[in-house]
Amino acid sequence: MDLSTRYMGLALKNPLVASASPLTGNLDSIRQLEDAGAAAIVMPSLFQEEIEAGEARYHALTTAYDDSWPEAATNFPVMTAEKLAPHHYLDLVRRASAATSIPVIASLNGITDDGWIDYAKWIEQAGAQGLELNVYFIPADIAMTGHEVEQRYLDILRAVRAAVSIPVSVKLSPYFSSIGHMAVALQEAGADGLVLFNRFYQPDFDIVNLKVVTDLRLSEPNEIRLPLLWLAVLAGRVKASLAAATGVTTPDEIVKYLLAGADVVMTTSSLLRQGVGHIAVLLAGLEAWLSAREFASVGQMRGIMSQRKIKDPQAFERTNYLKILQGYRVDYTNRRG
Ligand SMILES: Cc1cc2nc3c(=O)[nH]c(=O)nc-3n(C[C@H](O)[C@H](O)[C@H](O)COP(=O)(O)O)c2cc1C
C-alpha cells in the first residue's frame, strides 16, 4: 500500500504528522513518534514572548549599571539575540533533526512582525525542514477591523518568508469572514502550507467561585466538521498544501480528512490520550480502509469528496443548510411541560 504524500514540497512516507505538543518537544518521545510511524513532527512553538523575555533579560543585565558604572556594559560578552533568548529551542531543533530521519517542522508563535522574526532564520540554520507559523491573535480591541486582522497575518508571514528559504505553513484561524480569500492571500504572501485550523482555547466560567476557567480540553472527533468543510472547499483550488489539524481520534477522521483533500493529517489529543503508539493504530486503520475499498494509494482517494469532485457541490453550501433544517424531525412525544 502506497501511503506516501507530499506536504509543502516535503516527501512524506504517510500522511500522519504529530502536531505541536509537549510530545514533539522531547527527544525520547520524538524518537518514539518516529518508531510508531509518524511521517513528520511539528515541534512545540517558540513564542514571541519567550524571545522578547530573553532580550529584555539581556538588556536589563547590560544596562543595570549604566548610571553608576558605564564601563560595566563592556564586561559583558557581546551577545546577539540568537545567543541569548531561548537557545534551548535551537538546540532541540538541531538535536531532533540529527536524531530522526523524518522531517522536523519548527513552530513560531507570535502576533507582530518585528524583531523576534529573526529567529526564523536561526531555526532554519539549526536544521528545521519547515516552519509552521501560529498567529494566535484574539482581536479583543473592538475598534480593529477585519482587514487589519488579516493584514497582521500577511505582514508576519511576509517577514518570515523573507527570512527563510525552507517551506512555511500558517496555522490558520477559522474566524475570517472569507476563509477562501484569506487562504489565497496567504498563499500569495508565500505560504507553502495551510493548517486548518488553529484551535482557540476558549475560557469557561466557574459559577460557584465566579472565576474564569482556563483549562485545556483535548479535542473530540466531532470537532473535525469545521475543518472538513473548509478542506473540501479549498482542495484543488489552492496550490498551498493542506493540513487537517483537529479532532483525529480514530482512523475514520483521517480517512474523512483525506477524502476532503488534505495532504497531511495532524494529531495531538489522540496521542496525549492513548500514547505515542496510537500512531501505529491510526496508520493500520487507514491502510485497512484503503485495502477494503481497493485503493492502492492515498493519492487515489485524496480529495474525491472535495467540493470540486462530488456530484452535488451544493452539499457544502446554503441549499444543504435549508434541507438540513427543514428535514429535522422533532420527537413531540419527548417534549416536557
Ligand atoms: C498540551 C498541548 C500543547 C500544545 N502546544 C502547541 C504549541 O506549542 N504550538 C501550537 O501551534 N499548537 C500547540 N498545541 C495545539 C496542537 O498542536 C493541535 O493543533 C491541537 O491540539 C488540535 O489538534 P488535536 O485535535 O489533534 O488535539 C498544543 C496542544 C496541546 C493539547
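What counts and what doesn't
Residues numbered from 1 in each chain as written. Predicted model: local features only at pLDDT ≥ 70, side-chain atom pairs only at ≥ 80, totals over all residues. Heavy atoms only, no water. Helix = DSSP H or I, 4+ residues; strand = E, 2+ residues; numbered from the N terminus. Contact = heavy atoms within 4.5 Å. Areas by Shrake-Rupley, 256 points an atom, 1.4 Å probe, with all protein chains shown as cover. Near = heavy atom within 4 Å. Polar contact = N/O pair within 3.5 Å; in protein donor to acceptor, adjacent residues only side chain to side chain. Phe/Tyr/Trp six-rings, centres within 6.5 Å; stacked < 30°, edge-to-face > 60°. Buried < 20%, exposed > 50% of the residue type's maximum accessible area, 1.4 Å probe, protein only. Pairing = 2+ DSSP bridges. Right-handed = clockwise from strand over helix to strand, strands pointing away. Axes fitted to C-alpha atoms, helices over the stretch in contact; angles between N-to-C directions. Parallel < 35°, antiparallel > 145°, perpendicular 65-115°, else oblique. Left-handed = near helix turned anticlockwise from the far one by under 90°. Nonpolar A, V, L, I, M, F, W, Y, C, P; charged D, E, K, R; others polar.

Draft legend 1. Up close: the overall build of the chain. Each helix and strand counted, the chain has 13 helices and 12 strands in total. If you take every contact in the chain between residues at least 6 apart in sequence, the share linking residues at least 24 apart comes to 71%. Carbon and sulfur atoms make up 54% of the accessible area of the chain, which totals about 17,500 Å².

Draft legend 2. Structural detail: the site of the ligand. If you check the shell around the ligand, you find 21 residues, and the closest are Ala20, Ser45, Asn134, Ser219 and Ser269. Within the side chain of Ser45, an N or O atom sits 2.6 Å from a nitrogen atom of the ligand. In this structure, an oxygen atom belonging to the ligand sits 2.7 Å away from a side-chain N or O atom of Asn134. Coverage of the ligand by the protein amounts to 89% of the 610 Å² it exposes when considered alone. Within the residue set of the shell around the ligand, elements represented by two or more residues are strand E4 (40-47) and helix H10 (269-274). The dominant element in the shell around the ligand, judged by the number of residues it contributes, is E4, at three residues.

Draft legend 3. Just the packing of aromatic side chains, in detail. For the structure shown, the criterion picks out five aromatic pairs. With a centroid separation of 5.0 Å and an interplanar angle of 75 degrees, the aromatic rings of Tyr153 and Phe176 are classed as edge-to-face. Of this pair, Tyr153 sits in helix H6 (residues 146-163) while Phe176 sits in the loop between strand E7 (168-172) and helix H7 (179-188), placing them 23 residues apart in sequence. Here Tyr153 and Phe176 have matching classes, each one buried. Consider the rings of Tyr175 and Phe200, whose centres lie 5.7 Å apart with planes at 55 degrees: the pair is tilted. Here Phe200 lies in the loop between strand E8 (193-196) and strand E9 (204-206) and Tyr175 lies in the loop between E7 and H7, a separation of 25 residues in the sequence. Residue classification places Tyr175 among the exposed positions, given a relative accessible area of 55%. Note on Phe200: relative accessible area 10%, which makes it buried.

Draft legend 4. Region of interest: the pairing of strand E11 (residues 241-244). Burial along E11 is two-sided: the residues Ser241 and Ala243 and Leu242 and Ala244 are all buried. Direction of pairing for E11 relative to strand E12 (residues 264-267): parallel, over a ladder of two bridges. Bridge pairing links Ala244 to Val265 in E12. The β-α-β motif built from E11, the intervening helix H9 (residues 251-260) and the parallel element E12 has right-handed crossover chirality.

Draft legend 5. View of the environment of Arg217. Position of Arg217 among the secondary structure elements: in the loop between strand E10 (211-213) and helix H8 (225-234). Separated by 16 residues in the primary sequence, Arg217 and Tyr201 place their C-alpha atoms 8.1 Å from one another. Each residue touching Arg217, except ones within four places of it in the same chain, is listed here: Arg199 and Tyr201. One polar contact links Arg217 to Asp215, side chain to side chain, over a distance of 3.4 Å.

Draft legend 6. Representation of the packing of H9 against helix H11 (residues 278-292) in the model. It is the contact of H9 with H11, at a shortest axis distance of 8 Å, that shows an interaxial angle of 55 degrees. By the angle between their directions, the pair H9 and H11 is classed as oblique. Viewed along their axes, H9 and H11 form a crossing whose handedness is right-handed. Every residue of H11 that contacts H9 at Pro251, Ile254, Val255, Leu258 and Leu259 is listed here: Val281, Leu282, Gly285, Leu286 and Trp289. Along the lines of polarity and charge, the residues of the contact of H9 with H11 split into nine nonpolar, one polar and no charged.

None of the figures reported here should be taken as evidence of function without further support.
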